[in-house]
Amino acid sequence: MMELPPAIARWFAARGWRPRRHQLEMLEAAREGRDALLVAATGAGKTLAGFLPSIADLIERPAEGLHTLYVSPLKALAADVQRNLLTPIAEMGLPIRVETRTGDTASSTKARQRARPPQMLLTTPESLSLLLSYPESPALFATLKTVVIDEVHAFANGKRGDLLALSLSRLQALTRGMRRVALSATVADPDAYRGWLSPDGDIDAVALVEGEPGAPAEIAILLPQGHVPWSGHSGRYAAADVMAQIAAHRTTIIFCNTRSLAELIFQDLWKVNEASLPIGIHHGSLSPEARAKVEGAMAEGRLRALVATASLDLGVDWGDVDLVIQMGAPKGSSRLLQRIGRANHRLDEPSRALIVPGNRFEYLEARAALDAVEEGALDAETFRPGALDVLAQHIMAMACASPFQADDLFAEVGQAAPYAALPRETFDQVLRFIENGGYALRAYDRFRRLTEGADGLWRVSHPKFVVQHRMNAGIIVDAPMLDVRFRNGRSLGRVEEGFAASLTPGDTFFFAGLSLEVQKVDPTDLIVRATSRSARIPTYMGARMPISTNLADRVRAYLADSGAWRRFPDEVREWLEAQAQRSALPEPGQLLVETFPHEGRHFMVAYSFEGWNAHQSLGMLLTRRMETMGLMPLGFVANDYAIATYSLHPVADPAKLFSPDILEDEFVQWVQQSALLKRAFREVAVIGGLVERQHPGKRKSGRQVTFSTDLIYDVLRRYEPEHLLLRAAWADARARMTDVGRLGDLLDRAADTMLHIDLPRVTPMAVPVLVMIGRETVAQGLADDALLIEAEALAAEAMRAD
């Protein structure tokens, strides 16, 4: 058994604890000098396991200088870990300094940390990249022994993961024998993450440490009086039952899939909160002060419930949370498991969770999630090549630190897993882009950020570009936002510019749990005051979470297996039985397409289960092709499970619509003519450093940034259509914004798997998607009643036996 230093052993003994097996295995891996990936359930002492080798090393070999770097995807998580880490270090009586460095850290503290760093520094990928952009970074990191990456699953396969992988390569070049450690509770493919973590992609060089399994989670589906609605995706109908659960537990976190829904559910709960129990709200658009206030209240046990979004998926750990409620379907088993982990941080006691499905398809999805969690079947993660806009930002950061040789930097970049296969030609194109902006922009001095000297070294062209980089670096690019403030200057958070543009003085909206009246709309601020008037909910442009392929496949399996239906509530079972009698239920891998008339229009419903994002794109493409074919389409609606088009003329042969060439013809035309590509270009232009978000002394408004990027976009489209950033924008638009991969798979198999059934009237399985027609145009305040009446009338027709 691995021996602990006496100070650590005494600390465990004083609490009546014993170190867990995986904690000792992490210590063993460290003493062997191996990198390590720890996969352990929440509540298993994962964070302590990550830091234990560093604490032990500093006890056995005390040293000044930076020893351990902890990287977290969230500022709040770094602050929470600091609190939890300081306690054992203080109780052991160790002279180890632990500090946090994020975007919220004071400038004076940042400067002092560069000159005299703590032994342990907790930071984010963006702050680490900025640290590496300073000339003193070689001296700062020379003593670094270990990098600990927490919640690695949350960002390793995205752009923030690309930035971190590049930073790790630079750290490896600055240090001798630096170890890499990653921690996660939900990893479906550990080998993929071991490959990402290793400096040279050698999976076997990274030790895989698996934690002891905790008590199985207790998950149930909450159905008020056994009722499952026909429509909706929020679970709002269950507000009274959710409030009863809050009253029956110590502390509850209610997870919602969007910020708009969080605001809505918070208001619904207040309406039925007859006991006036203290409830808070937490999401990414609230101000840091508002989030910190709520987090503090939760930590001190002053709240009975907190309505939250993905802002707490990786959550700040509160031991008194004894129930998690998921409003609407969870969309993925990994996400559900992560959220359940926020409850009851004790490995030997089960976490308890409830799912409130929004409609009958979502009931099946909730059941699929429960089964997947019980089997330990997590959602697969996909890794893709590193993004070029991120590479451009990293190269600029390296130039800010010191002049470099292109050959040396290319070799270093290739040590980062996402860029291991990067062609030298592409690297040179990125370098030339930073040098002068590209062929169409090279006449403008503002784009000439790098210069190659006679000695072959690349240098920053002017000191102003160093300042510009440090003020604007970062991977997260929000939609244009306006600050929501009271007249006294107190900030509540931010709403998207598009929503703010729809407001005029006197309008009201719910935000941060308050009803607010607009007093003034400025270019950068929305001035408000509190009111008791009824209000609307802010809307956000962020893409909805699509159902994972894992859960979609399970739902399809349920549909095809009538023997499984006895597990379902009577309403759901009768719905599926009626569908089987009236039409058909798709086999796994089969594309069921129904066509039928209804109220003077002709409908086509395709049950493809590829997720809301892919279906939104497909709807645009199908209606374009229908228009070309003279079918006179009127519109489409979609959910995660199906897409429905409606037109003046019937679709006689759906196979002609679902053709792979739609991605080559209509898709390209649609993306180029829509705002989709411009939005993607805005993001890559900001990340790539072409457009600044901030100038010294002032911040650009979202409208100004959008205007700048739109101008550059139009110039490049006209004069340099193959520009590096246009290619990067296309990659983003295709992969992230439209789920084009799932769309392509669907279209490739459509011809061979399509089952087309022409029917005289609407079918039971079509009801959940058809009731969405007209949802956006129903008058505010009447929407729920109108939709309920429409859903029941449509359902009555669909379920009629004759």
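Refer to the preceding data block for the structure.
Residues numbered from 1 in each chain as written. Predicted model: local features only at pLDDT ≥ 70, side-chain atom pairs only at ≥ 80, totals over all residues. Heavy atoms only, no water.

Q: Explain the overall build of the protein chain residue by residue, including any values.
A: Along its length, the protein chain carries 29 helices and 28 strands. Here the protein chain, with 802 residues, has 58% of them falling under the buried criterion. A separation threshold of at least 6 residues defines the contact pool for the protein chain, and within that pool the share at least 24 residues apart is 73%. Of the roughly 32100 Å² of accessible surface on the protein chain, 51% is carried by carbon and sulfur atoms. (Helix = DSSP H or I, 4+ residues; strand = E, 2+ residues; numbered from the N terminus. Buried < 20%, exposed > 50% of the residue type's maximum accessible area, 1.4 Å probe, protein only. Contact = heavy atoms within 4.5 Å. Areas by Shrake-Rupley, 256 points an atom, 1.4 Å probe, with all protein chains shown as cover.)

Q: Describe the sheet that holds strand β21 (residues 525-530), with residues and values.
A: Spatially, five strands are ordered β18-β17-β21-β20-β19 in an open sheet, and the strand pairing comes out mixed. The sheet is open, and its two edges are formed by β18 (491-496) and β19 (508-511), each paired on a single side. Across the sheet, the mean angle separating the axes of adjacent strands is 40 degrees when strand polarity is ignored. Bridge count for β19 against strand β20 (residues 514-521) is four bridges, and the pairing is antiparallel. Counterpart to Phe510 in the pairing with β20 is Ser515. (Pairing = 2+ DSSP bridges. Axes fitted to C-alpha atoms, helices over the stretch in contact; angles between N-to-C directions.)

Q: An account of the pattern of salt bridges is requested, with residue identities and associated values reported.
A: Here the structure, examined in full by the defined rule, presents 37 salt bridges. Note that Arg61 and Asp57 form a salt bridge whose closest N and O atoms lie 2.4 Å from each other. Through salt bridges that share partners, Glu64, Arg97, Glu99 and Arg112 make up one connected network. (Salt bridge = Lys/Arg side-chain N within 4 Å of Asp/Glu carboxyl O.)

Q: How would you summarise a nonpolar patch on the surface if you had to cite specific residues and measurements?
A: On the surface, a nonpolar cluster with roughly 260 Å² of combined accessible area is contributed by Met632, Leu634 and Leu648. For Leu634, the position within the fold is in strand β24 (residues 633-638). (Patch = residues over 30% accessible without salt bridge, like charges linked within 9 Å, V, L, I, M, F, W, Y side chains within 5 Å.)

Q: Tell me about helix α1 (residues 6-14), residues and numbers included.
A: Listing the buried residues of α1 in full gives Ala7, Ile8, Trp11 and Phe12. Along the axis of α1, the buried residues cluster in a sector spanning 135 degrees; they form a single face. Exposed residues on α1 whose side chains face more than 90 degrees from its buried face are Pro6, Arg10, Ala13 and Ala14. Immediately beyond the C-terminal end of α1, within one or two residues, lies Gly16, with a positive phi of roughly 75 degrees. (Arc of directions from axis to C-beta.)

Q: Give me the environment of Gly201: which residues, what numbers.
A: With respect to the helices, strands and loops of the structure, Gly201 is situated in the loop between α9 (190-197) and β7 (206-210). Assessed through its relative accessible area of 42%, Gly201 is described here as partly exposed. Spatially, the C-alpha atom of Gly201 lies 8.3 Å from that of Ala416, the residues being 215 residues apart in sequence.

Q: Account for the pairing of strand β5 (residues 146-149), with residues named and values stated.
A: Looking along a regular strand, one sees the side chains alternate between the two faces of the sheet. Of the two faces of β5, the one carrying Thr146 and Val148 and the one carrying Val147 and Ile149 are both buried. For strand β2 (residues 68-71) and β5, the ladder comprises four bridges, and the chain directions are parallel. Paired with Thr68 across the bridge in β5 is Thr146.

Q: Outline unusual backbone geometry, supporting the account with residue identities and numerical values.
A: Keep in mind that most residues, glycine aside, have a negative phi and that most peptide bonds are trans. Despite not being glycine, Ser276 has its phi angle at roughly 55 degrees, a positive value. Residue classification places Ser276 among the exposed residues on the basis of a relative accessible area of 53%. Located in the positive-phi region is Glu599, a residue other than glycine, with phi close to 50 degrees. One can find Glu599 in the loop between β22 (591-598) and β23 (601-607). Judged by relative accessible area, which is 66%, Glu599 ranks as exposed.

Q: So, the packing of aromatic side chains: which residues are in play, and what are the values?
A: A ring pair, where both rings are aromatic, is described by two values, the distance of the centres and the angle of the planes. Overall, the coordinates contain 15 aromatic pairs when judged by the stated rule. Note on Tyr363 and Phe568: the rings are 5.7 Å apart at their centroids and 75 degrees apart in plane angle, and the pair reads as edge-to-face. One end of the pair, Tyr363, is in helix α14 (residues 360-375); the other, Phe568, is in the loop between α20 (549-560) and α21 (570-582), with 205 residues separating them in the sequence. On the basis of relative accessibility, which here comes to 2%, the residue Tyr363 falls in the buried class. Overall, the relative accessible area of 4% leaves Phe568 in the buried class. Ring centres of Phe509 and Phe511 lie 6.4 Å apart, and the angle between their planes is 50 degrees; this geometry places the pair in the tilted category. (Phe/Tyr/Trp six-rings, centres within 6.5 Å; stacked < 30°, edge-to-face > 60°.)

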